[in-house]
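Structural features, examined
Below are the chains, spelled out letter by letter.
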Amino acid sequence: PALTELDLSNYGTAGIGDNGVIRLLANPHAGRLRKLNLGHNGISEQGATALCVQPHMRHLTRLDLSANLLRNRAAGDLANAPPLGSLEELILCNAGITNDGANALAKSPHLNSIRRLDLTRNRIGPKAATALRDRFGPAVSLS
């Protein structure tokens, strides 16, 4: 019950997957998490969306979903998730995000506390990169 940080990263493409994320979030103690690292776990849009709709995720300040199969829809879901409004760090390296996902993050009505947004190793063009820099300033990493 006192667990506030959980690192389940680097389990590979089979990883915990979407079902693992859904099972993790079903635990009533998951709402105490402040930092959650699920990088490199075979998580797709379905798993990311499951995170977005959980009201008890509102205490998260750091979320790492690097090297998962998220793509643009998941980036849009993360951007539009009220429970993730407390995020200070969002790490989405190598997550299959392109201009549409980047623009959704730049327009997010909820990601107002971001101090670090890592989108390195994604395919984001110059216009979307400018939108991200305009919104998040030096907090965004793109290269």
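In this section: the packing of helix α4 (residues 99–106) against helix α5 (residues 126–136). One can describe the packing of α4 onto α5 by two numbers: an axis separation of 9 Å at closest approach and a directional angle of 20 degrees. If you check the angle between α4 and α5, you find them roughly parallel. For the pair α4 and α5, the crossing hand works out as left-handed. Counting all contacts with α4, which are made through Asn99, Ala102, Asn103, Leu105 and Ala106, the residues of α5 involved are Ala128, Ala131, Leu132, Arg135 and Phe136. Here the contact of α4 with α5 is composed, by residue class, of seven nonpolar, two polar and one charged.

On to the sheet that holds strand β4 (residues 89–91), then. The parallel open sheet is built from six strands, whose spatial order is β1-β2-β3-β4-β5-β6. The open sheet is flanked by β1 (5–7) and β6 (140–141), the only strands paired with a single partner. Note: strand β3 (residues 62–64) against β4, three bridges, orientation parallel. Bridging from a neighbouring strand, arginine 62 pairs with glutamate 89 of β4.

Once that is clear, we can look at helix α1 (residues 17–26). Of all the residues in α1, the buried ones are Gly17, Asp18, Gly20, Val21, Leu24 and Leu25. The arc that holds the buried residues of α1, viewed along the axis, is 160 degrees, so those residues lie on one side. Counted as exposed and oriented over 90 degrees from the buried face of α1: Asn19, Arg23 and Ala26. The inward-facing, buried residues of α1 abut β1, β2 (35–37) and α2 (45–52).

Excluding glycine, a negative phi dihedral is what most residues carry, and trans is how most peptide bonds are arranged. The backbone of histidine 40 shows a phi angle near 55 degrees, a positive value even though the residue is not glycine. Here histidine 40 shows up in the loop between β2 and α2. Of note in this structure, alanine 67 is not a glycine but carries a positive phi near 55 degrees. With respect to the element layout, alanine 67 can be found in the loop between β3 and α3 (71–79). For alanine 67, a relative accessible area of 28% gives the class partly exposed.

What counts, and at which threshold
Residues numbered from 1 in each chain as written. Predicted model: local features only at pLDDT ≥ 70, side-chain atom pairs only at ≥ 80, totals over all residues. Heavy atoms only, no water. Axes fitted to C-alpha atoms, helices over the stretch in contact; angles between N-to-C directions. Helix = DSSP H or I, 4+ residues; strand = E, 2+ residues; numbered from the N terminus. Parallel < 35°, antiparallel > 145°, perpendicular 65-115°, else oblique. Left-handed = near helix turned anticlockwise from the far one by under 90°. Contact = heavy atoms within 4.5 Å. Nonpolar A, V, L, I, M, F, W, Y, C, P; charged D, E, K, R; others polar. Pairing = 2+ DSSP bridges. Buried < 20%, exposed > 50% of the residue type's maximum accessible area, 1.4 Å probe, protein only. Arc of directions from axis to C-beta.

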